[in-house]
Amino acid sequence: MKSAPNDWPGVVRAYAEYLPVDDSTPVITIQEGNTPLIPVPNFVEKIGGRFSLFLKYEALNPTCSFKDRGMTMAMTKAVERGAKVVVCASTGNTSAAAAAYAARAGVKCAVLIPDGKIALGKLAQALMYGAQTVAIRGNFDQALNIVRQLGEDPEIEIVNSINPYRIEGQKTAAFEICDQLGRAPDFHFIPVGNAGNITAYWKGFLEYHKAGKCSSLPRMFGFQAAGSAPIVEGHPIENPETVATAIRIGNPASWQGALDARDQSNGFIGKVTDEEILEAYKLIARTEGILVEPACAAPLAGLIKTLKNQPGVIPADAVITATMTGHGLKDPDTAISASGFEPVRTDATHEAVLAALKS
Ligand SMILES: *Cc1c(COP(=O)(O)O)cnc(C)c1O
């Protein structure tokens, strides 16, 4: 089928020379990628910074999270090798992306989610795209263990980030940032859950640097939620907890990748409390009109914390990017409760509304 003129072809075709594909690869795409890099000067002013901050707004992918970048690649390779079924464990966004790309590819999809612990929008997505959805009485780490066992069947492809193609697809976000800025940032801030994304970004920056597309490399600053901060604590967390369900992970699959990104980039992996996460979550919405998932607020809270606790780490003229991994509308419950107020109810008259607005 012909595509419309000037259509963005999706990340696999756009960055084919950096990916394990050739002309005969059957690319499964929903035109993911090419997301905006939004300057947020009001937010920077509010937190007392003087640097430039740009948000890579991954909410504008087809399923409203960065997971689509990895999923187009993983699904493409699964279809290429003839897999009939894809499975994943998910805190929500991986299942949404897997379900969507499986629908596009015409393969069966099963997703394992922690019962009651995924945001409402993500559950709606998995169900609507038609994935077989299994809610286990357990957490993400337990779901991933079961998926690893299911994946021993050769007909079944695991599309979690333990699938190396996911990381390959996700690294394209680092390419886009360099293309959009015309250089690499000085710092890149990112939430850390299973740690696939920080691993992928670092790989992407390294590859672009090696290819001569950027002349420097960023320092990678990752942030975990305090109740699920295995990398910061230095050991797996048995019962991870946080309001940021997308990073509620106690034993990250790409743990080593995160450490390498930190150490090789002279970076940092820290933790922020749920309170700090919710503050940053509200602040970015109210200063810039950008609604993100609570997980995305972890690196924003981390930036605020870095400014406060480690003054001097971030030079005044620094160029900083941060990944906003998913859309705020995925988790309406948290948005409504964090907003701090409710609609005022009045009669449907001019006077009543005026009175309500003045109160
Ligand atoms: C998956 C996800 C993360 C965590 O990414 P990892 O690669 O697991 O570290 C963060 N935020 C959102 C919205 C996600 O969906």
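The text that follows walks through the structure, step by step, so that each part is easy to find. (Residues numbered from 1 in each chain as written. Predicted model: local features only at pLDDT ≥ 70, side-chain atom pairs only at ≥ 80, totals over all residues. Heavy atoms only, no water.)

Comments concerning helix H5 (residues 120–129)
In an α-helix, one full turn covers 3.6 residues, which means residues spaced three or four apart are oriented alike. For H5, the complete set of buried residues consists of Gly121, Lys122, Gln125 and Ala126. Considered in projection along H5, the buried side chains sweep an arc of 135° and stay on one side of the axis. Within H5, the exposed residues directed more than 90 degrees away from the buried face are Leu127 and Met128. Buried residues along H5 sit against helix H4 (93–105), strand S4 (108–114), strand S5 (132–136) and helix H14 (332–339). Directly beyond the C-terminal end of H5, a positive phi value near 95° is found at Gly130. (Buried < 20%, exposed > 50% of the residue type's maximum accessible area, 1.4 Å probe, protein only. Helix = DSSP H or I, 4+ residues; strand = E, 2+ residues; numbered from the N terminus. Arc of directions from axis to C-beta. Contact = heavy atoms within 4.5 Å.)

Remarks on the packing of helix H3 (residues 67–81) against H4
Contact geometry for H3 and H4: axes closest at 9 Å, N-to-C directions at 45°. One way to sum up the angle between H3 and H4 is to call them oblique. Seen along the crossing, H3 lies across H4 with a hand that is right-handed. Of H4, the residues touching H3 (which contributes Lys67, Asp68, Met71, Thr72, Met75 and Val79) are Asn93, Thr94, Ala97, Ala98, Tyr101, Ala102 and Ala105. The class makeup of the residues in the contact of H3 with H4 is eight nonpolar, three polar and two charged. (Axes fitted to C-alpha atoms, helices over the stretch in contact; angles between N-to-C directions. Parallel < 35°, antiparallel > 145°, perpendicular 65-115°, else oblique. Left-handed = near helix turned anticlockwise from the far one by under 90°. Nonpolar A, V, L, I, M, F, W, Y, C, P; charged D, E, K, R; others polar.)

Points about the site of the ligand
Taken together, 16 residues surround the ligand, and among them Lys67, Asn93, Asn194, Asn197 and Thr325 come closest. The backbone of Ala195 places a nitrogen or oxygen atom 2.8 Å from an oxygen atom of the ligand. In the environment of the ligand, a nitrogen atom lies 2.7 Å from a nitrogen or oxygen atom belonging to the side chain of Thr325. Partitioning the shell around the ligand into residue classes produces seven nonpolar, seven polar and two charged. (Near = heavy atom within 4 Å. Polar contact = N/O pair within 3.5 Å; in protein donor to acceptor, adjacent residues only side chain to side chain.)

What about empty space enclosed by the protein?
For the coordinates displayed, the defined rule picks out one cavity of 30 Å³ or more. The volume enclosed by the largest cavity comes to roughly 310 Å³. If you go around the largest cavity, you meet 27 residues; those closest to its centre are Phe66, Lys67, Gly193, Asn194 and Ala246. At the level of secondary structure, the elements contributing two or more residues to the lining of the largest cavity comprise H4, helix H7 (164–170) and helix H9 (196–210). Residue contributions to the lining of the largest cavity peak at three residues, all from H9. (1 Å grid on protein atoms, 1.4 Å probe; cavity = no way out; pocket = protein on both sides within 12 Å on 5 of 7 lines; lining within 4 Å. Points joined across faces, edges and corners; volume = space filled by probe spheres on them.)

Remarks on the pattern of salt bridges
Oppositely charged side chains may form a pair once their charged atoms are brought near each other. In this structure the tally under the stated criterion is 17 salt bridges. Residue Lys56 pairs with Glu176 through a salt bridge whose shortest N-O separation is 2.8 Å. Linking Lys56 in strand S2 (residues 52–57) with Glu176 in helix H8 (residues 172–181), this pair joins segments that are 120 residues apart in sequence. In this structure Lys56 comes out as buried when scored by relative accessible area, which is 0%. Given a relative accessible area of 3%, Glu176 falls into the buried group. (Salt bridge = Lys/Arg side-chain N within 4 Å of Asp/Glu carboxyl O.)

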